[in-house]
Structures are given as structure tokens and as C-alpha cells.
Amino acid sequence: MSDITTKKINVYGRDTDPQSGVSNSYQTSEYAFRQPTIHMLVGQRAAGKSRACSKLINQAQKEKTFDQIYLISPSAKSNEVYFGKYIPEENIYYPTKDSVQKIIQRVEQDRDEFETHLEDLKQYNEFVKLLKKGENFSDDMIMHYMDLGFLADNFKKPVWKYEKFSGKLRPPTSAVVLDDVLGSSLLKSNMLESLFCTNRHIAPLNEPHSDRSACGLAIYILVQSYRNSGGGIPRVVRENLVELTLFKNKQKKQVDVIKDELASVVDEDKFERALEYATNKPYGHLTISFGRLKCPTLTFRDQFNQLLIFKNDEKECNGN
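The model shown is predicted, which means the values in this text are computed figures rather than measured ones.

(A) Seen up close, the overall build of the protein. Along its length, the protein carries 10 helices and 11 strands. Over its C-alpha atoms, taken along the principal directions, the protein stretches across nearly 80 × 65 × 35 Å. Residues classed as buried in the protein amount to 44% of the 320 residues present. Carbon together with sulfur atoms contributes 48% to the accessible area of the protein, which is approximately 19000 Å² in total. Put simply, the protein has 45 plus and 43 minus side-chain charges, and the middle of one group is 7 Å from the middle of the other.

(B) Representation of the packing of aromatic side chains within the structure. For the coordinates displayed, the defined rule picks out 13 aromatic pairs. Relative to Trp 160, the ring of Phe 114 has its centre 5.3 Å away and its plane inclined at 75 degrees; by these criteria the two rings are edge-to-face. Within this pair, whereas Phe 114 is found in helix α3 (residues 99-133), its partner Trp 160 is found in the loop between α4 (139-147) and α5 (163-166), the two being separated by 46 residues in sequence. Ring plane angle 40 degrees and centroid distance 4.8 Å describe the contact between Phe 150 and Phe 155, whose orientation is recorded as tilted. Connected via pairs of aromatic rings, a cluster forms that spans Tyr 124, Phe 127, Phe 137, Tyr 145, Phe 150 and Phe 155. In this structure, Arg 301 is placed above the aromatic ring of Phe 33, and the distance from its NZ or CZ to the ring centre is 4.1 Å.

(C) Molecular detail of the sheet that holds strand β4 (residues 174-179). Pairing is mixed across the open sheet formed by nine strands, whose spatial order is β3-β2-β4-β7-β1-β8-β9-β10-β11. Since the sheet does not close on itself, it has two edges, and those belong to β3 (92-93) and β11 (306-307), each with one partner. Two strands pair when backbone bridges link them, and strand β1 (residues 38-42) and strand β7 (residues 218-223) are joined in this way by five bridges, in the parallel orientation. Residue pairing across strands places Met 40 opposite Ile 221, the latter belonging to β7. Where helix α1 (residues 49-62) meets the sheet, it contacts β1, β2 (68-72), β4, β7, β8 (243-247) and β9 (285-289), and its direction lies at approximately 165 degrees from that of β7.

(D) Expanded view of the pattern of salt bridges. According to the stated counting rule, one finds 15 salt bridges in the structure shown. Note that Glu 243 is salt-bridged to Arg 34, the shortest N-O span being 3.2 Å. Taken together, the positions of Glu 243 in strand β8 and Arg 34 in the segment before β1 put the pair 209 residues apart, joining distant regions of the chain. The class for Arg 34 is partly exposed, based on a relative accessible area of 30%. With a closest N to O distance of 4.0 Å, Asp 98 and Lys 102 form a salt bridge. Lys 102 sits in the partly exposed class, given a relative accessible area of 38%. Here the salt bridges share partners, and the residues they tie into one network are Arg 235, Arg 238, Glu 239 and Glu 261.

(E) Expanded view of the environment of Leu 121. Mapped onto the secondary structure, Leu 121 falls in helix α3. What makes Leu 121 buried here is its relative accessible area of 14%. Along the chain, Leu 121 and Trp 160 lie 39 residues apart, while their C-alpha atoms are 9.2 Å from each other. Not counting the four nearest positions on each side in its chain, Leu 121 is found in contact with Lys 157, Pro 158 and Leu 169.

(F) Geometry of the environment of Leu 71. Looking at where Leu 71 falls in the secondary structure, it is placed in strand β2. For the pair Leu 71 and Tyr 93, spaced 22 residues apart in sequence, the C-alpha to C-alpha distance is 6.2 Å. Excluding anything up to four places from it in sequence, Leu 71 contacts Ala 76, Phe 83, Ile 87, Asn 91, Ile 92, Tyr 93, Val 177 and Asp 179.

(G) Inspection of unusual backbone geometry at higher detail. The peptide bond linking Gln 35 to Pro 36 adopts the cis configuration, its omega dihedral lying at 0 degrees. With respect to the helices and strands, Pro 36 occurs in the segment before β1. Of note in the backbone geometry, Ala 203 takes a positive phi value of approximately 60 degrees without being a glycine. Assignment of secondary structure puts Ala 203 in the loop between α6 (190-198) and β5 (204-209).

(H) Region of interest: the side chain of His 117. Note that His 117 resides in helix α3. Relative accessible area serves as the criterion here: at 7%, His 117 is assigned to the buried category. Beyond its immediate sequence surroundings of up to four residues, His 117 is in contact with Pro 158, Val 159, Trp 160 and Leu 169.

Cut-offs applied
- Residues numbered from 1 in each chain as written.
- Predicted model: local features only at pLDDT ≥ 70, side-chain atom pairs only at ≥ 80, totals over all residues.
- Heavy atoms only, no water.
- Helix = DSSP H or I, 4+ residues; strand = E, 2+ residues; numbered from the N terminus.
- Buried < 20%, exposed > 50% of the residue type's maximum accessible area, 1.4 Å probe, protein only.
- Areas by Shrake-Rupley, 256 points an atom, 1.4 Å probe, with all protein chains shown as cover.
- Lys, Arg positive; Asp, Glu negative; His and termini not counted.
- Charge placed at Lys NZ, Arg CZ, Asp CG, Glu CD.
- Phe/Tyr/Trp six-rings, centres within 6.5 Å; stacked < 30°, edge-to-face > 60°.
- Lys NZ or Arg CZ within 6 Å of the ring centre and 35° of its normal.
- Pairing = 2+ DSSP bridges.
- Contact = heavy atoms within 4.5 Å.
- Axes fitted to C-alpha atoms, helices over the stretch in contact; angles between N-to-C directions.
- Salt bridge = Lys/Arg side-chain N within 4 Å of Asp/Glu carboxyl O.

These values are about where atoms sit, not about what they do.
Put into C-alpha cells, the structure is as follows:
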């Protein structure tokens, strides 16, 4: 690089930077996976995918991340021990061409109720302000506040339906688990690809709130094969992953396919070493995080709770 010199030129300066937008992220703890995620777990039958995914859900709900969690699966009953605690029966759908659309409609319904609540809260605050000022209400105002129920003896300040769970007023947060959907009509639906391309922007808000312009929908998809001759998971889905969890795979061709697809974003040597380290134990798995990470030491995880750190990555982060 010693033969390269630079010269600063007076164009495209900071005065041309775009305004900062909202992040559309759900609030999570420092080392929890970013939300709303697109997280694919790949492992052969009985590898431990459902158990691993349940740990992700349990940690998320420990942090009160999701107000609603949905499940699309033909075998929900057999995995009730993993998902039954946080996914009620009315949130479980059989994989069909329109099952994704049904869940999106549920998210949009929550969005509509949230925005109605914000308007009710605004009206309530204005009502209380007028009361404190001791102003006289006109007949129209009395009728208006009566219609809103503000003049009832037992009326209380409006409370958002998920606020008791999360402890805060925020746009609805949701996740969907897609389990055992390969071969179903769901994969033949254009809605699936659209879901993976737009998950952070599902159910847009009329006005930004809590650094978000949409409700969004986190996605967990559990599959036995990363890619197969029958098509498997569409490439557009794989290319939009935020996290990828891999279990031990005895098929070298499958591992080579994954390595080739990840080559542009993950060092091949590090990938092979990390995969061997994490999966060389019963039910072991490696998680790879993509996108804008604060530090490359966050790229690889063994069993979700142990970072696999390469020395040169640690130096790049100045040891942080």
C-alpha cells in the first residue's frame, strides 16, 4: 500500500450526508441477537434444531422482546414441549399458501390497534389537561368525551394491551417460527420470499415511534437441508439471513455449498475451523452472524453463548 497516496477533494462532504433514519430495531441486550432477525437453523433430523430454537425464544422472552410469537408447522403438537410456553394455540398455523399472509394480517391488526391506542391516549391527555385548567366544556365536547368513555365513573387512563408484559409503550413486536415447512405449499408461495425481503418493514406505522417506522416481524426457520436438488430454501431467503445456525453435517457437498455461498462475507478458513470446533460434540452447533457487526469477534458463536474469537479479529476490535 506504500505506493498509494490520497488527495482530499471538496465534494461529497458531510454536508451531503443523508439525515439519519430510524433503526427499525427491537431493543435487546448487548449480546442478544439483533431483532427483528432472519435466523435459519440447519440440521438433520434429531440434530436438536427445535431445542436450540426454543432457547432463542426463551432468551427473547426473558428480555420481553416479542409481544406475539406465531408458529407455522405441520408438527406443532410434537414440539409443544419446546414452543408451547410462549406460542398459544390460536397462533399456530398449518403451512399453506396463505399462512404467511394470515400472520401478516395479525401483525397489521396489532399495528392498527396500537395507532388507535395512541390517538385515544392523546385524547385522554387533552381531556385531563382541560380538567386541570378548570375550563368549561361545550355540549359538543361533553358528547365527544362521553363517546370516548372518559366521563364514566370507572374510567381509567388507556393502557396499551402489551404494556403490562413489556413495561413500556412501544409498537407491537412479533416473531414467527417456520418449522418443518420444506415440501409444503408454503414454499411455493411468493409470500414467503416477500416475507424474507421485507420482514423489518411489515406493518408500517403512520408516524415513527420508539425509533421504528414499522412493526416488523422476526423470522426463525428450521430446515434439514441448506440447499437440495429439489430446490429447498430459495436463494433469496438464504441471501437475506441475519443469522445462520449449523449443526454437524456428514454430507461434505452440503458443507461445501454453504462455504461457497458464504465465501464473500465469511473467511473460509475461519468458517471451517469454527464449524469443526462448535459441532464436534453431541447437539453442537455454530451460529454465524452477518451484516453490520460492531466487531468481527461477534461473527461466530458456539451454542449461542460462547463467542469464537480469532486473534486477528480481536486485534481489529482493539481487544473490545
